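Chain and residue survey
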Amino acid sequence: MIDIIKVVVVSALLLAAAALIFGRVRRDYRATGKLTPFSTFLEVLIFFLYGSASYAFLDSNLSHINTASPLFFLSVLCVLVGLVLVVIAMGRLGMDVSVGQQVSGLQQSGLYRYSRNPQIVAYGLVVIGYALLWPSWTGLVWVGLYLAIAHLMVRVEEDHLRQAYGEAYQRYCAKTPRYLGLPGLR
């Protein structure tokens, strides 16, 4: 029963914090056309808090990992592939653009041909891989929290990109899925 209460409380606090933070981010995008350093800090903070919350959702005891399980190999694969894809996606944009400090135009090539948010998808693989190390219902909730928080961020960024790039962004959205899919198959 304590686990359920802990998961509900931590989940509610994280989602409330994310809603407040992305409300601030939305205001900054509308006022300045980019993130302020404070909003960037807040975005980093919410994902730091989310990552730190893994201690409330996952066992995190290394001795409890079953290295002989097929899930172990799947988890390692997810983490490694996810990290490589995050580096590729962020490298394509550069750090300042990745964290909203600089605007450089729409990126529509490379991984951005397959997803408008390859960083989110790639880091989602890392989150899934990490949760698979200690499979449980609380790990599933932790993954769901990532999806919810990341989706809040994506929706705010989409509003900004729609304002900044208008019709060009609409055409990009029409041919490229928000998260996963094949280009042009919408």
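Use the structure listed above.
Treat the numbers as computed from the prediction; the structure is a model and nothing was measured.

**Focus: the overall build of the chain**
Helix and strand counts for the chain stand at seven helices and zero strands. Listing the helices and strands of the chain from first to last along the sequence gives α-α-α-α-α-α-α. Its C-alpha atoms give the chain principal-axis dimensions of about 50 × 35 × 30 Å. Residue burial in the chain is summarised as follows: out of 186 residues, 36% are buried. Taking the contacts inside the chain whose residues are at least 6 apart along the sequence as the reference set, 74% of them involve residues at least 24 apart. Taken as a whole, the chain presents about 10,400 Å² of accessible surface, with 69% of it coming from carbon and sulfur. In the chain, the 15 positive side-chain charges and the 9 negative ones have mean positions that sit 8 Å from each other.

**Examining helix α1 (residues 2-32)**
For α1, built from 31 residues, the straight-helix expectation of 45 Å at 1.5 Å per residue is met to within 8% by its first-to-last C-alpha distance of 44 Å. Along α1, the residues classified as buried are V7, S11, L14, A18, I21, F22, V25, D28 and Y29. Packing partners of the buried residues in α1 comprise α2 (37-52), α3 (54-57) and α7 (137-175). Downstream of α1 by one or two residues, G33 has phi in the positive range, about 80°.

**Some remarks on the nonpolar core**
F22, V25, I46, Y50, F57, W142 and I149 are the most contacted members of the largest nonpolar core, which totals 30 residues. Put simply, the parts of the chain that give this core at least two residues each are α1, α2, α3, α6 (118-132) and α7. By residue number, the principal contributor to this core is α7, which donates nine residues. In this structure W142 touches Y50, G51, A53, S54, F57, L58, V127, Y130 and A131, once residues within four positions along its chain are discounted. Counting five residues, the second-largest nonpolar core is a separate cluster that includes A89, Y112, Y172 and C173.

Cut-offs applied
Residues numbered from 1 in each chain as written. Predicted model: local features only at pLDDT ≥ 70, side-chain atom pairs only at ≥ 80, totals over all residues. Heavy atoms only, no water. Helix = DSSP H or I, 4+ residues; strand = E, 2+ residues; numbered from the N terminus. Buried < 20%, exposed > 50% of the residue type's maximum accessible area, 1.4 Å probe, protein only. Contact = heavy atoms within 4.5 Å. Areas by Shrake-Rupley, 256 points an atom, 1.4 Å probe, with all protein chains shown as cover. Lys, Arg positive; Asp, Glu negative; His and termini not counted. Charge placed at Lys NZ, Arg CZ, Asp CG, Glu CD. Expected span 1.5 Å × (residues − 1). Core = buried A, V, L, I, M, F, W, Y, C linked by side-chain atoms within 4.5 Å.

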